Amino acid sequence: MLATVLLLALPFCAAESASSYAGSTVVDSYPPPGATNTTVDAYFPDASQVGYAGPTPTGAEPAAIVTAIPFSKVENIFPLSRPNSADGADSTFNVTRHWGNLSPMYSVESFGLPDASPVIPEGCGLNAMHLLMRHGARYPTSGSGLSQFASDIHAAALNEGFNATGDLKFLATWTYKLGAEILTPFGRESLFSNGVAFRYRYGQLLNGFTDLPVFRTTSEDRMVDSALNFAAGFFDVRTYETDYHQEIIIEENNFNNTLAPYDVCPNANSEDIGYFGDAQASTWANIYLKDAQRRLQPMLQGFNLTISRLVYMQQMCAYETVALGYSKFCDLFTEEEWEGFEYYNDLDFWYSCGPGNPTSAAQGLGYVQELVSRLTHTPINVWNSSTNSTLDSSNITFPLNQPIYVDATHDVVISNIVTALNFTSLAATGPLPTDHIPPHRSYVSSQIAPFASQLVAQVISCPASEEPTHIRFLLNDGVVPLTGIHGCTEDSNGLCTLASFISGMHERIGEINYAHDCFANYTMPNPDNIIDGRYPS
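Throughout what follows, the structure given in this document is the object of discussion. (Residues numbered from 1 in each chain as written. Predicted model: local features only at pLDDT ≥ 70, side-chain atom pairs only at ≥ 80, totals over all residues. Heavy atoms only, no water.)

## Points about helix 12 (residues 360-376)
Working step 1: With 17 residues, helix 12 ought to run about 24 Å at 1.5 Å a step, and its terminal C-alpha atoms sit 24 Å apart, in line with that.
Working step 2: Along helix 12, the helix axis deviates most sharply at Gly366, where the bend reaches about 35°. (Helix = DSSP H or I, 4+ residues; strand = E, 2+ residues; numbered from the N terminus. Expected span 1.5 Å × (residues − 1). Bend = angle between axes of the 7 residues up to and from the residue.)

Structure (structure tokens):
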């Protein structure tokens, strides 16, 4: 009865009068203090101590990427609630696919090869697989605009003039429940599920190992958790810690790390160069959010809904959904405004870490060098990028004979790497304008670097044999044309002969001037017509 009285006393229905806690931060902690008492552990022996496991024979390793037709796609966000837009409660419009790099990964239909399937072409064999994956869904970065938005709401709610009505009445009792940086439960689940999926698709390649695999990630908390959740899904929850070696590479300023190359590329961290996309995105925000500002501001007195704050509210929709399962911020914006938000993120990525930024190819260079080293089984002997000479010189920490490679990285790095690989189909429609959304644009950030993004290199033999002959790339299940790589010709399945690809990568590596693009004193070209991630020669 007491709990009922307390709940009734809270102003959940007093939408027009703000509570004193509106906008305040709510933090929960689990397990509760004192609950980790180890004196009772003896009462709960593990399975190895209990015994009686029953029969435990194993079966054959699956190879669904060779045999499974039709291909199983990622199409939903279970267990999250799928949000609606302000004008499309029952439409087929999927808001979550318009969040740019904040979108949960979904299977891309095509990057220009509509007849290509992720399944290995008939008559070919799978020889090796290289996976580069982004961490799972996370909380916002520390000190982000979202936490400041909440603080501003809280400060305004303490004043008598604050009044929230209509669609914004929830702000009168809304609290900020997001942490910072680390994975959300959905982020953990996504990586675990990806591990399971890759075991189904590529498990047969484990038969080619003579030693335990080495998978790599960086030292940030969400990176380690992503790698471990993937491994638990790929191997087994009870055995994964002894089924492989997890290499954790330091992610910090001045530490060479191809999975976090910005830490050794000063120009990538400058406002004028590395964050050039912020200004381009802001220019567009002032256009696409004007109607939302006019529509929503009358519902909120005592708080100025600036364009920046409206962007934060759209970001809040994405972050609350992947952290809490649902967000009331989502249905404040129309389908057109969500398309505008997606393009806002496209602009930021294109001009900050994609084809339109002069440091992008340089930052992706180190991983490309590692990829060529693995494909040719040849140690790296030139250290002119973000490669780590200590780790990459060792056949223990950088083995060259694995049928499966798994590396975990960040969204911006995947964008860097596909730029360095010269996937020109992604840049085919050229520099992105800041005053309108171009029709049929080729660069869409939610298809390139969403949460749990996957870039897969399939090393193939055609016809099937022990000696690989071809390579192709899948980006979030979409086959990527390789025609931007010298020597790779048009192919309906996205295949390039392995020798041609390696030769083309050597040429591409030679084109990228890491020392200049990362360290030289220069200004951004005006206009910025860069489309290959390098400073114009």
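Resuming the write-up.
## Observations concerning unusual backbone geometry
Working step 1: Cis peptide bonds are those with omega within 30 degrees of zero, and the linkage from Tyr30 to Pro31 qualifies with 5°.
Working step 2: Here Pro31 lies in the loop between helix 1 (2-9) and helix 2 (47-50).
Working step 3: Backbone torsion omega between Phe78 and Pro79 reads 10°, so that peptide bond is classified as cis.
Working step 4: Secondary-structure assignment places Pro79 in the loop between helix 3 (64-67) and strand 1 (125-134).
Working step 5: Its identity as a non-glycine residue notwithstanding, Tyr52 has a phi of 55°, on the positive side.

## Remarks on the packing of aromatic side chains
Working step 1: As enumerated under the stated definition, the model contains 27 aromatic pairs in all.
Working step 2: Measuring from centroid to centroid gives 5.9 Å for Phe230 and Phe234, while their planes differ by 10°, and the two rings are stacked. A residue pair is termed a helical-turn pair when its members lie 3 or 4 positions apart in one helix, as Phe230 and Phe234 do in helix 6 (residues 221-234) at 4 residues. Phe234 shares its class with Phe230; the two are buried.
Working step 3: Ring geometry for Phe333 versus Trp338: centroids 5.6 Å apart, planes at 75°, classification edge-to-face. Just as Phe333 is buried, Trp338 falls in that class too. (Phe/Tyr/Trp six-rings, centres within 6.5 Å; stacked < 30°, edge-to-face > 60°. Buried < 20%, exposed > 50% of the residue type's maximum accessible area, 1.4 Å probe, protein only.)

## Some thoughts on the environment of Glu320
Working step 1: Mapped onto the elements of the fold, Glu320 is located in helix 10 (residues 307-324).
Working step 2: For Glu320 and Asn401, which are 81 residues apart along the polypeptide, the C-alpha to C-alpha distance reads 42 Å.
Working step 3: Apart from residues no more than four positions distant in its own chain, Glu320 is found in contact with Trp174, Leu178, Gly325, Tyr326, Ser327, Lys328 and Phe329. (Contact = heavy atoms within 4.5 Å.)

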